[in-house]
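Structural overview
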Amino acid sequence: MTSSKDISQWEEAPLNELLSVLETGARPKGGVDQYKTGVPSLGGEHLTADGKFFLRNLKFIPEDFAAKLTRGRITRGDVLIVKDGATTGKCVLVSESFPLPKAYINEHVFLCRFLSSLDSRFFAYFLRSELGQKRILDNFRGAAQGGIPQSFAENTLVPVAPAAEQKRIADRLDTLLARVDTSREHLDRVPGILKRFRQAVLAAAVSGKLTEGWREAIGESIKSWASSIPLEGVKLPENYKRLGKIVFKLRKIEHSAGELPRTWAVMTIADLYNLNVLIDFADGNHGAMYPRKEDFTQEGELFLTASQIGENWELDIQACPRLRSDKAQLLVKGWAQTYDVLLTHNATVGRVALLEYDKENVLLGTSVTFYRFNKDYISPYFGRILFSSPFFQNQLIMEMVQTTRNQVPITKQVSLNFICPPIKEQLEIVQRVEALFAYADRLGSRYQTARQLVDNLTPALMDKAFSGELVPQDPNDEPASVLLERIRAERDAKSKETGQHRKSARKKTGSKVEGVMRKLTEISPTHLSDILKENGSMLPERLWAASELEIEDFYDQLKDEELKGLLKEIRNPINDLVVMLEAL
């Protein structure tokens, strides 16, 4: 063995020279949505960008239709490539672990079957690599929903290593990339673990468990929340004018608070509002007052919707659209203030944020409710914790189940239950939750870094593999040039033998003979247009007969040459049902 980086025994060749089969599949006329059983038919949606199969939501073709197909049946060792659409070029090897005993591709996928003297794994890995994908997509034609014609294979150069080295590289990549996949699977559990951790922290925070030791240390000196409310009631801020509210229609909502510390209280949103502890709450403007599309511009007031609120308290103020100031001045409801707690309640229900932005006015859309608490009794930071907790979120879910609608309007929110610890304990809870969440955020950041490193491993390994750095070279290996010479010689001999057999068959029968039809890998890219140039315009049936191709291959080649502008259809001006084909 010699050291890596010596690839002097490697060659490059067009992909089509290395294939025994290059074909697409087919489906019944009218599609396959009506078939719930049968033979699986795989399309581009069943191939993933990381070289895997996604076999949920399988489509099927009928057994009798599959029995008549002469192409597109998948066998182990095949390489499948998406031929059109947004995911053109995705490439997957049909490995020994492929779970379907019988399956076909549809017309949106190419099936590449490599010669038996080659290791298809080696070439599948290359075609998945950054360079391989670039070479495939250099053949892309058309707009966003365009694709690659069948001639992509003759225009796509691929590296050819000695046969023994192909196997060494493929074996090594199999081993290393399996480890990468395992690492990725382990890492992908982290977001779920962190989410459960945060939920556990929130649950402990609003049940009293998080501050149990703190209460024991404080002893009897802490007053209950209820006793902190003055007998004459809590006064609203001076000169504060509440928005008008309809009469609350309350209903009892079950909750999961269980046994709480004796100093805590459970109140409804309506209770807090009536005590003036909740100064105000409102969403945006409905009906005729709701802003229209033309009311938004590049300048004006910030208009905050559920789209700007994330799952983990994120609030993206900069992403807010802006409402014309003259229109905004007409609106009374929905003006949020600094330290309001925001709750999404329509379509995207249950996201929570705290408005800490104080540089501009912020107007809410109809999908967000602001909650403005008196800070002497409810910390807005604690309000954010309570609204995010399983205790509160489960009430939202129950309300949506009751109404079968993905919303919890203000008329329903008034009946929701809220847990009220003494204000000092609220502040202690906030401090502890923020410390634990900061720890979770650090873990999340490390996860993102590790995930990026793992994601970078695959392309790095591919680069090493196809630059000769992954495995040592063996000077005793048969050079790729000799391998390619033998492949080309065998192909030439087979082509001559097939041609003689075909001529003999035509002399005997004067027509096509089953079993001696030509394959797409045996013809030139201009096969049909060459026939038209030699014979002039022809009916499609006559051109098919002259092409000596199977009918499915004929239509694939016809579409390919039409896409390349080599031929066109001409319709009879008297009878447009009559179509002739003409070379360009």
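What counts as what
- Residues numbered from 1 in each chain as written.
- Predicted model: local features only at pLDDT ≥ 70, side-chain atom pairs only at ≥ 80, totals over all residues.
- Heavy atoms only, no water.
- Pairing = 2+ DSSP bridges.
- Helix = DSSP H or I, 4+ residues; strand = E, 2+ residues; numbered from the N terminus.
- Axes fitted to C-alpha atoms, helices over the stretch in contact; angles between N-to-C directions.
- Contact = heavy atoms within 4.5 Å.
- Buried < 20%, exposed > 50% of the residue type's maximum accessible area, 1.4 Å probe, protein only.
- Core = buried A, V, L, I, M, F, W, Y, C linked by side-chain atoms within 4.5 Å.
- Lys, Arg positive; Asp, Glu negative; His and termini not counted.
- Salt bridge = Lys/Arg side-chain N within 4 Å of Asp/Glu carboxyl O.
- Polar contact = N/O pair within 3.5 Å; in protein donor to acceptor, adjacent residues only side chain to side chain.
- Parallel < 35°, antiparallel > 145°, perpendicular 65-115°, else oblique.
- Nonpolar A, V, L, I, M, F, W, Y, C, P; charged D, E, K, R; others polar.
- Arc of directions from axis to C-beta.
- Phe/Tyr/Trp six-rings, centres within 6.5 Å; stacked < 30°, edge-to-face > 60°.
- Lys NZ or Arg CZ within 6 Å of the ring centre and 35° of its normal.

A word on the sheet that holds strand 19 (residues 368-373)
Within the open sheet, the four strands sit side by side as 11-19-16-17. Their pairing is antiparallel. This sheet does not close on itself; its edge strands, each paired only once, are strand 11 (278-282) and strand 17 (348-354). For this sheet the average axis-to-axis angle between neighbouring strands, irrespective of direction, equals 15 degrees. Here strand 11 runs beside strand 19; their pairing, made up of four bridges, is antiparallel. In the sheet register, Leu-278 faces strand 19, and the bridge partner there is Phe-373. Its contacts with the sheet put helix 10 (residues 380-388) on strand 16 (341-346), strand 17 and strand 19, and the angle it makes with strand 17 is roughly 160 degrees.

Concerning the side chain of Ser-415
Note on placement: Ser-415 falls in the loop between helix 12 (410-413) and strand 20 (417-420). Here Ser-415 falls in the buried class, since its relative accessible area comes to 2%. If near-sequence neighbours (up to four positions away) are discounted, Ser-415 is found in contact with Lys-249, Leu-250, Arg-251, Ile-253 and Thr-268.

So, the nonpolar core
Nonpolar side chains in soluble globular proteins tend to end up buried together. In terms of nonpolar packing, the biggest core is built from 51 residues, with Trp-225, Phe-387 and Phe-418 touching the most fellow members. Other than its neighbours up to four places away in sequence, Phe-418 contacts Ala-265, Val-266, Met-267, Ile-269, Leu-272, Phe-373, Ile-378, Phe-382, Gly-383, Leu-386, Phe-387 and Phe-391. With 44 residues, the next largest nonpolar core counts Cys-112, Phe-123, Leu-177 and Leu-187 among its residues.

Overview of the sheet that holds strand 18 (residues 362-364)
Remark on secondary structure: sheet strands pair via backbone hydrogen bonds, oriented parallel or antiparallel. An order of 12-14-13-18-15 is seen for the five strands of this open sheet, with the pairing classed as mixed. Of all strands in the sheet, those with a lone pairing partner are strand 12 (296-297) and strand 15 (335-336), marking the two edges. Across three bridges, strand 13 (residues 301-304) lies against strand 18 in parallel orientation. Residue Leu-302 lies in a different strand from strand 18, and its bridge partner there is Val-362.

Concerning the side chain of Glu-561
By the secondary structure assignment, Glu-561 is in helix 17 (residues 551-563). Buried charge Glu-561 goes without a salt bridge, the closest partner of opposite sign being Lys-564 at 6.6 Å. One polar contact links the side chain of Glu-561 to the main-chain amide nitrogen of His-527, over a distance of 3.2 Å. Within the local environment of Glu-561, its side chain forms a polar contact with the backbone nitrogen of Ser-529, the two atoms lying 2.9 Å apart.

Here's the deal with the pattern of salt bridges
Here the structure, examined in full by the defined rule, presents 33 salt bridges. In this structure, the salt-bridge partner of Arg-451 is Asp-455, at a minimum N-O distance of 2.3 Å. Within this pair, Arg-451 and its partner Asp-455 are both found in helix 13 (residues 423-465), separated by four residues, close to a single helical turn. Judged by its relative accessible area of 19%, Arg-451 falls in the buried class.

Looking at the packing of helix 5 (residues 163-187) against helix 13
Relative to each other, helix 5 and helix 13 sit at 170 degrees, their axes nearing to 10 Å. In terms of axis orientation, helix 5 runs roughly antiparallel to helix 13. Contacts from Ile-169, Leu-173, Leu-176, Leu-177, Val-180, Ser-183, Arg-184 and Leu-187 in helix 5 reach Tyr-447, Ala-450, Arg-451, Val-454, Asp-455, Leu-457, Thr-458, Leu-461, Met-462 and Ala-465 in helix 13. In the contact of helix 5 with helix 13, the residues fall into 13 nonpolar, two polar and three charged.

Some remarks on the packing of helix 6 (residues 190-205) against helix 13
Two elements in contact, helix 6 and helix 13, have axes whose closest approach is 10 Å; the angle formed by their N-to-C orientations is 180 degrees. Overall, the two elements helix 6 and helix 13 adopt an arrangement that is roughly antiparallel. Taking contact as the criterion, the partners of Val-190, Pro-191, Leu-194, Phe-197, Arg-198, Val-201, Leu-202 and Ala-205 in helix 6 are, on helix 13, Ile-429, Val-433, Leu-436, Phe-437, Tyr-439, Ala-440, Asp-441, Leu-443, Gly-444 and Tyr-447. For the contact of helix 6 with helix 13, a count of residues per class yields 15 nonpolar, one polar and two charged.

Some words on unusual backbone geometry
Phi at Trp-313 takes a positive value of approximately 75 degrees, unusual for a residue other than glycine. Within the secondary structure, Trp-313 sits in the loop between strand 13 and strand 14 (322-323). Here Glu-548, not a glycine, exhibits a phi torsion of approximately 60 degrees, which is positive. Relative to the helices and strands, Glu-548 resides in the loop between helix 16 (540-547) and helix 17.

Things to note about helix 16
Owing to its 3.6 residues per turn, the α-helix aligns residues three or four sequence positions apart on the same side. Looking only at helix 16, the buried set comprises Pro-540, Leu-543 and Ser-547. The arc that holds every buried residue of helix 16, seen down its axis, measures 60 degrees, which confines them to one face. Away from its buried face, by an angle of more than 90 degrees, helix 16 presents the exposed residues Glu-541 and Arg-542. Its buried side turned inward, helix 16 meets helix 15 (527-535), helix 17 and strand 22 (579-583). At the C-terminal side of helix 16, Glu-548 shows a positive phi close to 60 degrees.

Quick word on the packing of aromatic side chains
Pairs of aromatic rings are described using the distance from one ring centre to the other and the angle between the two planes. Applying the stated criterion across every chain yields a total of 21 aromatic pairs. Plain terms: the ring middles of Phe-114 and Phe-123 are 4.9 Å apart, the flat faces sit at 15 degrees to each other, and that makes the pair stacked. Aromatic pair Phe-296 and Phe-303: ring centres 5.2 Å apart, planes at 75 degrees, arrangement edge-to-face. The class for Phe-296 is partly exposed, based on a relative accessible area of 26%. Through successive ring pairs, a cluster of aromatic residues spans Tyr-273, Phe-281, Tyr-371, Phe-373, Phe-382, Phe-387, Phe-392 and Phe-418. Against the face of Phe-437 rests Arg-198, its NZ or CZ located 5.9 Å from the ring centre. Positioned over the ring face of Tyr-273 is Arg-242, at 3.7 Å from the centre of the ring.

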